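Structure at a glance
Here is how the chains run, residue by residue.
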Amino acid sequence: MILKYLRVFCACALLCFALNPALAQPHRMLTVNDFQGAPRVNGRGVIAYTNCTINFTYQASRNDGNYILHANVRLYMNNYKSWMDRSRITGADQLAEVLKHEQGHYTIAYLEQQEVLRAIERTRFTYNYNAEAMAIFNRIDAKYKQLNQDYDEDTEHMTNRQQQHSWDIYFAKRLQFIPQENASL
């Protein structure tokens, strides 16, 4: 589902993250156990909802008149806000389809996390680094919110199997070629 509740928590860390690697967890596959929230009734026939949060913290250090941000961008799968209406799932094949579709939403959040890490790494900030960092995050976040909307519209919330297959291929290629950011930024 659309990551409506994507929240950003921006705070300066007490210690310089240069001493600790940025924590960017690897991409993972969702399971039925990731959906612990209570199903919500809605008129669109949605069977499941995936809720992720990206937590963005950083510490700035001055370097030759510029600032470098040492960032920690964490992706959280919010199990108790994510839900699946198991009463509407009729069999193992349908469950696999639902999980595959919801995996797409998680993958979009993961791609956003990775892009934020790369953008912060490439940027040299001025004394106005707080506003500049938030502008970067907000720009990338808007891009991925739109991608989430496009995904649900194109796949008709997974019911358009041909479009779902096209998106599955898109996600596989993006994950195959994305440089993972796991080092200190």
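This one's a predicted model, so the numbers in the text were calculated from it and none came from an experiment. (Residues numbered from 1 in each chain as written. Predicted model: local features only at pLDDT ≥ 70, side-chain atom pairs only at ≥ 80, totals over all residues. Heavy atoms only, no water.)

1. Overview of the pattern of salt bridges
- Following the criterion strictly, the structure yields 5 salt bridges and no others.
- The residue Lys 145 makes a salt bridge to Asp 141 at a minimum N-O spacing of 3.4 Å. Residue Lys 145 and its partner Asp 141 are both found in helix H2 (residues 129-155); the two are separated by 4 residues, about one turn of the helix.
- Judged by its relative accessible area of 34%, Lys 145 is partly exposed.
- Asp 141 sits in the buried class, given a relative accessible area of 7%. (Salt bridge = Lys/Arg side-chain N within 4 Å of Asp/Glu carboxyl O. Helix = DSSP H or I, 4+ residues; strand = E, 2+ residues; numbered from the N terminus. Buried < 20%, exposed > 50% of the residue type's maximum accessible area, 1.4 Å probe, protein only.)

2. Description of unusual backbone geometry
- Even without being glycine, His 157 reaches a positive phi, approximately 55°.
- With respect to the element layout, His 157 can be found in the loop between H2 and helix H3 (161-177).
- Its identity as a non-glycine residue notwithstanding, Met 158 has a phi of 85°, on the positive side.
- With respect to the helices and strands, the residue Met 158 is situated in the loop between H2 and H3.
- For Met 158, a relative accessible area of 12% corresponds to the buried category.

3. Examining the layout of surface pockets
- In this structure, the largest pocket spans a volume of roughly 200 Å³.
- Along the walls of the largest pocket sit 16 residues, with Gly 45, Ile 47, His 157, Met 158 and Thr 159 positioned nearest its centre.
- Class assignment for the residues of the lining of the largest pocket results in 6 nonpolar, 5 polar and 5 charged. (1 Å grid on protein atoms, 1.4 Å probe; cavity = no way out; pocket = protein on both sides within 12 Å on 5 of 7 lines; lining within 4 Å. Points joined across faces, edges and corners; volume = space filled by probe spheres on them. Nonpolar A, V, L, I, M, F, W, Y, C, P; charged D, E, K, R; others polar.)

4. Describing the confidence of the model for the chain
- Overall, the predicted model of the chain reaches an average pLDDT of 85, with 83% of residues at or above 70.
- Contacts of residues 1-23 to residues separated by more than four positions or lying in other chains number 82 contacts, the stretch itself having pLDDT below 50. (pLDDT = per-residue confidence, 0-100. Contact = heavy atoms within 4.5 Å.)

5. With respect to the side chain of Gln 114
- Looking at the element boundaries, Gln 114 is found in helix H1 (residues 92-122).
- On the accessibility criterion, Gln 114 (1% relative accessible area) is buried.
- There is a polar contact of 3.2 Å between the side chain of Gln 114 and the side chain of Gln 113. (Polar contact = N/O pair within 3.5 Å; in protein donor to acceptor, adjacent residues only side chain to side chain.)

6. Brief notes about the packing of aromatic side chains
- Per the stated rule, a full pass over the model turns up 10 aromatic pairs.
- Summarising the aromatic geometry, the rings of Tyr 58 and Tyr 129 are spaced 6.4 Å apart at their centres and angled 85° between planes, so their arrangement reads as edge-to-face. Note that Tyr 58 is positioned in strand S2 (residues 52-63) and Tyr 129 in helix H2, a separation of 71 residues in sequence. This pair shows no difference in class: Tyr 58 is buried, exactly as Tyr 129 is.
- One aromatic cluster is present, built from ring pairs that chain together Phe 56, Tyr 58, Tyr 67, Tyr 129 and Phe 137.
- A cation over an aromatic ring shows up here: Arg 28 above the ring of Tyr 106, its NZ or CZ 5.5 Å from the ring centre. (Phe/Tyr/Trp six-rings, centres within 6.5 Å; stacked < 30°, edge-to-face > 60°. Lys NZ or Arg CZ within 6 Å of the ring centre and 35° of its normal.)

7. Focus: the packing of H2 against H3
- The interhelical angle for the contact between H2 and H3, taken along N-to-C directions, is 145°, at an axis separation of 8 Å. As H2 packs across H3, the resulting crossing turns out to be left-handed. Where H2 approaches H3, its residues Tyr 144, Leu 147, Asp 150, Tyr 151, Asp 154 and Thr 155 are matched on the opposing element by Gln 163, Gln 164, Trp 167, Tyr 170, Phe 171 and Arg 174.
- Here the residues of the contact of H2 with H3 are counted per class, giving 6 nonpolar, 3 polar and 3 charged. (Axes fitted to C-alpha atoms, helices over the stretch in contact; angles between N-to-C directions. Left-handed = near helix turned anticlockwise from the far one by under 90°.)

8. Some words on the packing of H1 against H3
- Packing of H1 against H3 leaves a shortest axis separation of 10 Å and a crossing angle of 40°. Compared by their axis directions, H1 and H3 come out oblique. As H1 runs across H3, the sense of the crossing is left-handed. Listed contacts from H3 to Glu 97, Lys 100, His 101, Gly 104, Thr 107, Ile 108, Tyr 110 and Leu 111 of H1 are Arg 161, Gln 164, Asp 168, Phe 171, Arg 174 and Leu 175.
- Tallied by class, residues from the contact of H1 with H3 come to 5 nonpolar, 4 polar and 5 charged. (Parallel < 35°, antiparallel > 145°, perpendicular 65-115°, else oblique.)

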